[in-house]
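Given next are the chains, with one letter for each unit.
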Amino acid sequence: LYSIILFCVFLWIPFVYFYYEEKEEDDGNTCSQVKTALKYTLGFITICAVLLLIGAFVPLDIPNKNNSTEWEKVKLLFEEFGSSHGLTALSFSISSLTVIGMLAAITYTAYGMSALPLNLIKGTTSAAYERLENTEDIEEVEQHLLRIKSKCRDGRPLSSRDRRTVQQLEERLRTLRRRERHLESIEKSWWTKFCEAIRPLKIVWGVFFIIVALLFTVSLFLSNLDKALHSAGFDSGFIILGTNLTNPLNMLLPVLQTVFPLDYILITTIVMYFIFTSMAGIRNMGIWFFWIRLYKIRRGKTRPQALLFLCMILLLIVLHTSYMIYSLAPQYVMYGSQKYLVQVRCSIKSTELSKLSSFLLDQCIVTRTYLFLHKFWFFSAAYYFGNWAFIAVFLIGLIVSCCKGKKSVIEGEVDEDDSDMSDDELSVYRH
């Protein structure tokens, strides 16, 4: 499954993205579009190959033998790489993508965890009220235009400043008239009436989501605090092999694991929750590259390239969810429901005690998932600081979402930079 993710991120999604980019620029030869897309995709394949090589060769320990030649050392590298079946290389590549997924989760998931429930609770403004305000704005802009144009009735040309003002007002008027058409369609649609009917259910779901978000945040905070107080520090990646400060999820999951498949149901619910909140964050914010907004995610008007970016971001966030679950429930991810079963007798000799201690240490087996996630200490350190950033962004997003008023019923659907979009999307609301 991890290999399939690498295939999608480094080959399939980039190829389809650049194919659509070439299709928009040149509607000619399909073969030429495929060749150009393959040329750009080759760069992503090169990055993937570099990550696999770094993971395969750099972390391996080469025995320091004075009588071994350089060729024997290189031969040993290939032998160990073949014996591990590339697991270390795959772990390094997946961990690199997980760090990118962590940045996406900090940007979108943390904000979506606060924005989604509060938007459900507050709801949207009335379409009829917005339409009345929009009509007043149209009349005001039209009167302003008439006042400026009345200056040239006697044949005098308008000044450059007035011409710029007229151009801005006409653009503003076109946007307001598009809003008028959208508001009229939404006001008459059956979907709006259905949403008004289930308004109490939305409030209940919003309260439930905000409680879950606070539960996750508290669990994440306690887990990170435990690492800060009891781990060996930065050089070990803040890794601890036990839990000193427990949290609700860390107590619940090992108990549910004893009754199949309750723990899988809860894990699936957690993953789906992260996906829904991530999609809400992307929907509200759009897709950004630093300070540049690349695409908007909107109903009926999302570009194919934006949908591909959305798929890639969700893939990376789901990858990061693996580590997020470890942060929320480290006991479950490391040991599951395993416990020490040996009863220590009081009349035990010192030699027997040392044997028993070594037996106790080997009795609980660490899960493969934990070992796969923590092969490289520097990635674990990055995840640790990323969790603090996640908590901070969630709290900031919660404050911002509380201070913001109700969303417009056509939030993000009509903007001034939508001149390249037609009004064909109105059929989405009519049907």
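Here, every reference points to the structure presented above.
This one's a predicted model, so the numbers in the text were calculated from it and none came from an experiment.

The rules behind these values
- By convention here, each chain's residues receive numbers from 1 onward along its written sequence.
- Thresholds applied to this predicted model are a pLDDT of at least 70 for local features of residues and 80 or more for the giving and counting of side-chain atom pairs; totals over whole chains, interfaces and linings are not thresholded and use all residues.
- No hydrogens and no water enter the side-chain calculation; it runs on all heavy atoms of the structure.
- Every helix listed is a DSSP run of H or I at least four residues long, and every strand listed is a run of E at least two residues long, numbered separately from the N terminus.
- An expected span of 1.5 Å times one less than the residue number is assigned to each helix.
- For the exposure calls, accessible area comes from a 1.4 Å probe over protein chains only, and a residue counts as buried if that area is under 20% of its type's maximum, exposed if over 50%, partly exposed in between.
- Throughout, a contact is declared for two residues whenever any of their heavy atoms are within 4.5 Å.
- In this analysis a 1.4 Å probe is tested at points of a 1 Å grid over the protein atoms alone, and where it fits but cannot get out there is a cavity; an open set with protein on both sides within 12 Å along at least five of seven lines is a pocket; lining residues have an atom within 4 Å of a point.
- Grid points are joined across faces, edges and corners, and a volume is the space filled by probe spheres set on the points.
- Note on residue categories: nonpolar means Ala, Val, Leu, Ile, Met, Phe, Trp, Tyr, Cys or Pro, charged means Asp, Glu, Lys or Arg, and polar means any other residue, Gly included.
- Patch membership is restricted to residues that have no salt bridge and whose relative accessible area is over 30%. Joining uses 9 Å for like charges and 5 Å for the nonpolar side chains Val, Leu, Ile, Met, Phe, Trp and Tyr.
- Accessibility throughout is a Shrake-Rupley quantity obtained with a 1.4 Å probe, and a residue counts as covered only by protein chains that appear here.
- Within this document, salt bridges are pairs made up of a side-chain nitrogen of Lys or Arg and a carboxyl oxygen of Asp or Glu, the two lying within 4 Å of each other.
- Axes here refer to lines fitted to C-alpha atoms; in helices the fit is confined to the stretch in contact. Angles between the N-to-C directions go from 0 to 180 degrees.
- The cut-offs work like this: below 35 degrees is roughly parallel, past 145 is roughly antiparallel, 65 to 115 is roughly perpendicular, and the gaps in between are oblique.

*Asks:* Summarise helix α5 (residues 127-149); cite the residues concerned and give the values.
*Replies:* Along its 23 residues, α5 runs 33 Å from first to last C-alpha, staying within 8% of the 33 Å computed at 1.5 Å per residue. Of all the residues in α5, the buried ones are A127, E130, N134, I138, V141, L145 and I148. Buried residues in α5 make contact with α6 (160-188).

*Asks:* A description of the layout of surface pockets should follow, citing residues and the corresponding values.
*Replies:* By volume, the largest pocket amounts to about 1500 Å³. Every residue lining the largest pocket is counted, 41 residues in all, and those nearest its centre are T124, W191, C195, K202 and K407. At the level of secondary structure, the elements contributing two or more residues to the lining of the largest pocket comprise α4 (87-122), α5, α6, α7 (190-197), α8 (199-230), α10 (262-285) and α16 (426-430). Of all the elements, α7 adds the most residues to the lining of the largest pocket, at 6 residues. For the lining of the largest pocket, the class distribution of residues is 19 nonpolar, 9 polar and 13 charged.

*Asks:* Could you give an account of α10, with specific residues and numbers?
*Replies:* With 24 residues, α10 extends 35 Å between its outermost C-alpha atoms, agreeing within 8% with the 34 Å of an ideal straight helix rising 1.5 Å per residue. Within α10, burial applies to D263, L266, I267, I270, V271, Y273, F274, T277, S278, A280, G281 and I282. Looking at the buried positions of α10, the neighbouring elements they touch are α4, α8, α9 (248-257), β1 (287-289), α11 (304-328) and α12 (330-335). Phi turns positive, to about 85°, at G286, one or two residues after α10.

*Asks:* Any details on a nonpolar patch on the surface? Residues and values, ideally.
*Replies:* A surface patch of nonpolar side chains, amounting to about 640 Å² of accessible area, comprises F289, F290, W291, I292 and L294. Turning to its location among the elements, F290 is positioned in the loop between β1 and β2 (292-295).

*Asks:* Outline the packing of α4 against α10, listing residues and values.
*Replies:* Where α4 meets α10, the axes come as close as 7 Å, and the angle between the chain directions of the two elements is 90°. As judged from the angle between their axes, α4 and α10 are roughly perpendicular. Where α4 abuts α10, its residues T107, Y108, T109, Y111, G112, M113, A115, L116 and N119 lie against Y273, F274, F276, T277, S278, A280, G281, I282, N284 and M285. When its residues are assigned to classes, the contact of α4 with α10 shows 11 nonpolar, 8 polar and no charged.

*Asks:* Can you tell me about the environment of L173, naming the residues and giving the values?
*Replies:* Within the element layout of this structure, L173 appears in helix α6. Taking the C-alpha atoms as reference points, L173 and V141, 32 residues apart in sequence, are found 6.6 Å from one another. Ignoring sequence-local partners within four residues, the contact set of L173 consists of I138, V141, E142 and L145.

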